[in-house]
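# Summary of the model geometry
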Amino acid sequence: MQPQLISEKTCPFVQRAVLILKEKRVEHRTTYVDILDPPDWFAAKSPRGQTPLLEVENQVVLGPQAICEYLEEAFGATPLMPKDLLQRARARGWFPRADQLFTTFDSLQKASDEAAFREHRRTLAEALQSLDGELAGRLWLTGDGSRFGMADVAVAPLVTRTIFLRTWFSVDLLSHHHHVAAWVARLVARSSFQTSVPADFQDALLGRIRSAGGHLATLA
């Protein structure tokens, strides 16, 4: 039985899981639901309305990082975690760091006025500057920097969102961070990344931003 991911289309956490499955070439299904009007069966699988969830052999795994670690351990081909224990711990540490970036991005897209928007943009720029320093002399964030892996998976959804901002709103967060920009180019070239969100992802995210009616919507 194929593993099934269930989530909302713009959820950054499901993108991580899809990316892992595609890197490992695991056949799977992804079902997207409207989290504001979910189908009746969804409540039985996720009583608190959490996304994403992973269904395997009629059992449900909840928790974004738990899903990623399960997929890494259950499907051994193309390991994404380093062998070294310290490097593995450091890779795990990227998950909460990336989650904070997603929260800031969410705040930016919901900012009600220009002042709040600028503040959240500044916070993201500072985080990207820190990331730029960590990527100096490295190809990837994971392990010794020579191979794509789990730390890159953790941060990858932010790349999708920065590209979206640049495409739709001419908000460029990457131009002053050269190591990050080079890493993004390598990430975007991977077929797994290119197909890690649904075809209408940008339309779905744009719809959410417009419905929120914040400052970002005025820039389109």
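All of the points below concern the structure found in this document. (Residues numbered from 1 in each chain as written. Predicted model: local features only at pLDDT ≥ 70, side-chain atom pairs only at ≥ 80, totals over all residues. Heavy atoms only, no water.)

### Things to note about the pattern of salt bridges
In this structure the tally under the stated criterion is twelve salt bridges. The closest approach of N and O atoms between aspartate 99 and arginine 16, which form a salt bridge, is 2.9 Å. One end of the pair, aspartate 99, is in helix H4 (residues 85-110); the other, arginine 16, is in helix H1 (residues 12-23), with 83 residues separating them in the sequence. According to the relative accessible area criterion, aspartate 99 is partly exposed, its value standing at 27%. Residue arginine 16 is classed as buried on the basis of its relative accessible area, which comes to 1%. Salt bridges sharing common partners tie together Glu119, Arg122 and Glu126. (Salt bridge = Lys/Arg side-chain N within 4 Å of Asp/Glu carboxyl O. Helix = DSSP H or I, 4+ residues; strand = E, 2+ residues; numbered from the N terminus. Buried < 20%, exposed > 50% of the residue type's maximum accessible area, 1.4 Å probe, protein only.)

### Thoughts on the pairing of strand E1 (residues 4-7)
Side chains Gln4 and Ile6 of E1 all project onto a buried face; the interleaved residues Leu5 and Ser7 project onto the opposite face, where all are buried too. Running through H1, the crossover from E1 to the neighbouring parallel element strand E2 (residues 29-32) is right-handed. Bridge analysis of E1 against strand E3 (residues 53-56) gives three bridges, and the strand direction is antiparallel. Looking at the pairing, glutamine 4 lines up with glutamate 55 of E3. (Right-handed = clockwise from strand over helix to strand, strands pointing away. Pairing = 2+ DSSP bridges.)

### What about the state of the cysteines?
Tallied over the entire structure, the rule returns zero disulfides. Considering cysteine sulfurs only, cysteine 68 is the nearest to cysteine 11, which forms no disulfide, with 10 Å between them. (Disulfide = S-S within 2.5 Å.)

### Focus on the nonpolar core
If you look at the biggest cluster of nonpolar residues, it comprises 58 residues, and the most contacted ones within it are Leu131, Val155, Leu165 and Trp183. Put simply, the parts of the chain that give this core at least two residues each are H1, E3, helix H3 (64-74), H4, helix H5 (114-135), helix H6 (150-169), helix H7 (178-188) and helix H9 (201-212). Per element, the largest residue contribution to this core is twelve residues, and it comes from H6. In this structure, valine 155 is in contact with Trp94, Ala98, Phe102, Leu131, Leu141 and Trp183, ignoring residues within four places of it in sequence. (Core = buried A, V, L, I, M, F, W, Y, C linked by side-chain atoms within 4.5 Å. Contact = heavy atoms within 4.5 Å.)

### Quick word on the sheet that holds E1
The mixed open sheet is built from four strands, whose spatial order is E2-E1-E3-E4. On the outer flanks of this sheet lie E2 and strand E4 (59-62), each paired with one strand and no other. Across the sheet, the mean angle from the axis of one strand to that of its neighbour is 25 degrees, orientation sign disregarded. Sheet analysis places E3 next to E4, joined by four bridges and oriented antiparallel. Counted as the bridge partner of leucine 54 is valine 61 from E4. Sheet strands in contact with H1 are E1 and E2, and its direction is about 160 degrees off that of E1. Together, E1, E3 and E4 form the strand contacts of H3, whose direction differs from that of E3 by roughly 40 degrees. (Axes fitted to C-alpha atoms, helices over the stretch in contact; angles between N-to-C directions.)

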